[in-house]
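Fold and geometry: a report
Spelled out from the first residue to the last, the chains are:
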Amino acid sequence: QVQLVESGGGLGQAGGSLRLSCAASGITFSIKARGWYRQAPGKQRELVAAISSGGGTNYADSVKGRFTISRDNAKNTVYLQMNSLKPEDTAVYYCNVKGWLNPQNYWGQGTQVTVSS
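As the structure is a prediction and not an experimental result, all values here were calculated from the model.

**Let's talk about the pattern of salt bridges**
For the structure shown, the criterion picks out 4 salt bridges. Its salt-bridge partner being D89, residue R38 comes within 3.0 Å of it at the nearest N-O pair. On the criterion of sequence distance, the pair formed by R38 in strand β4 (residues 31-39) and D89 in the loop between β8 (77-82) and β9 (91-99) is long-range, its members being 51 residues apart. A relative accessible area of 7% means that R38 is categorised as buried. Relative accessible area serves as the criterion here: at 0%, D89 is assigned to the buried category. Of the charged contacts in the structure, one is a salt bridge between D89 and R66, with a shortest N-O distance of 2.8 Å. With D89 in the loop between β8 and β9 and R66 in the loop between β6 (57-59) and β7 (67-72), this residue pair connects regions lying 23 residues apart in the sequence. Each member of the pair, D89 as well as R66, carries the same accessibility label: buried. Each member of the salt-bridge network shares a partner with another, and the members are R38, E46, R66 and D89.

Thresholds applied
Residues numbered from 1 in each chain as written. Predicted model: local features only at pLDDT ≥ 70, side-chain atom pairs only at ≥ 80, totals over all residues. Heavy atoms only, no water. Salt bridge = Lys/Arg side-chain N within 4 Å of Asp/Glu carboxyl O. Helix = DSSP H or I, 4+ residues; strand = E, 2+ residues; numbered from the N terminus. Buried < 20%, exposed > 50% of the residue type's maximum accessible area, 1.4 Å probe, protein only.

Laid out in structure tokens, this is it:
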């Protein structure tokens, strides 16, 4: 059974930093991509950052230059370093893992990030 456990959320200040971690277990398939999504109140869930199996990265325009996604394959963990935080970064952040086959698409339980001005 695939489990994704996020940690590192909480309260941050505008201009500050937070680091999210997502530890995966129970993955028995080849991973296509890992990613971080977020959902603010009243808004749809959106992609924040993703890293492919080949190491390529993709970021939402709103976080480019501020957030960095990385992974530690040995620990089966993906990270999201969030710098220069803004109040509009406030959301629940979800970790995601996708395989090459459907329906290999798994989500973590989410971690709240709140940025105060």
